[in-house]
Amino acid sequence: MTLRVTVWNEYRHERENQQIAGIYPDGMHAVIAAGIREGGDVTVRTATLDEPEHGLTDAVLAETDVLVWWGHKAHGDVEDAIVKRVQERVLLGMGLIVLHSGHFSKIFKVLMGTSCDLRWREDGANERIWVVNPSHPIAAGIGDYIDIEHEEMYGEHFDIPAPDDLVFVSWFKGGEVFRSGACFSRGAGKIFYFRPGHETFPTYFHPQVRRVISNAVAWAAPVARDHPTVARRNPERPLEDMTVTR
Ligand code: ZN
C-alpha cells in the first residue's frame, strides 16, 4: 500500500535569512520530502504555515497517513483550531513525526502533556547519535551510530513522558546526552520524535538522517483496522455470562 505523507514546515527562516536560504533554497520541507520519496512506496506532499489553514485542511489530513512536522520560531502562529484538528487525526490513527525544534510545537506539547522543555546550545559542534534499540524498525540500516559534523546541542533533562520505546540517544561534546529518538502512542496514532535538524546546518541532506525519517514514516503508518471503538453502552456479553462457576 502506498503511504501518503505530508511534510509540514513553518517555512519562515528560509525566507528571512540568507544563510539558511542558501542551504535550503526551496525550504526545508522540500529536502525532507525528497528524502522520504527516496525511502520507499510513498506519495509525499508538503504544507506550510502561511498557506490557508496552514495547508492542513480537513481534505489534506483525510489523505494523510503520516504527518511530518518542522517548526521553530512561529509555534505561536499555529492556530489552536488546526492543532486540535491534527490532534484528532492522530488519535484516530494518523502517524506523526516531530523533528528537532518541533519539541516546542503546540501539537507535540498537547500530545505529550508536559512542557517538552530541554537544555540547548547553538555551537555547531558534532553530535553522535547512538542506536540504543537495534531491533527497532526505525534503526534499520543505521549501524551503531550516526555522526553529524555540525549541529545544535540539545541536552537533558528533556521534559517528556517516559517514551514507549527509545531508539536513539545523542552525545555532545559538552558532555550532555539527550533522548533523541523517542516513540509514543496516543489513541490509535503513533508518534516519533527525532532530534537533529537545526536550520543553519544541512542536516536533512545527511543520508542516515534521511533513512531514519523514512524508517519512522513506515513505522508510524496507521494500523489497518476499523474505526477505533469507544465506550459502549452495554457490554458485548451480558454480565451474567461472565460469572465464574465454581
Ligand atoms: Zn534548532
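1. What to know about the nonpolar core
Next up, step 1: Ile36, Phe168, Phe192 and Tyr204 are the most contacted members of the largest nonpolar core, which has 38 residues in total.
Next up, step 2: The biggest single contributor to this core is helix H7 (residues 207-220), with seven residues.
Next up, step 3: Aside from chain neighbours lying at most four places away, what touches Tyr204 is Tyr24, Met28, Val31, Ile32, Trp70, Leu99, His100, Pro196, Gly197, Val209, Arg210 and Ile213.

2. Looking at helix H5 (residues 80-91)
Next up, step 1: The terminal C-alpha atoms of H5 lie 16 Å apart, and with 12 residues this matches the ideal 16 Å at 1.5 Å per residue to within 8%.
Next up, step 2: Buried residues of H5: Ile82, Val83, Arg85, Val86, Gln87 and Val90, and no others.
Next up, step 3: In this fold, the buried residues of H5 make contact with helix H4 (58-62), strand E3 (66-70), strand E4 (95-99), helix H6 (106-112), strand E10 (177-186) and strand E11 (189-194).
Next up, step 4: Gly93 occupies a position one or two residues after H5 and carries a positive phi of about 125°.

3. Some details on the coordination of the zinc ion
Next up, step 1: Bound to the zinc ion on the protein side are His100 (NE2), Glu152 (OE) and His198 (ND1), at distances that span 2.0 to 2.1 Å.
Next up, step 2: Taking relative accessible area as the criterion, His198 reaches 2% and is therefore assigned buried.

How each quantity is defined
Residues numbered from 1 in each chain as written. Predicted model: local features only at pLDDT ≥ 70, side-chain atom pairs only at ≥ 80, totals over all residues. Heavy atoms only, no water. Core = buried A, V, L, I, M, F, W, Y, C linked by side-chain atoms within 4.5 Å. Buried < 20%, exposed > 50% of the residue type's maximum accessible area, 1.4 Å probe, protein only. Helix = DSSP H or I, 4+ residues; strand = E, 2+ residues; numbered from the N terminus. Contact = heavy atoms within 4.5 Å. Expected span 1.5 Å × (residues − 1). Donors = N, O, S within 2.8 Å, 3.2 Å for Na, K, Ca; no water.

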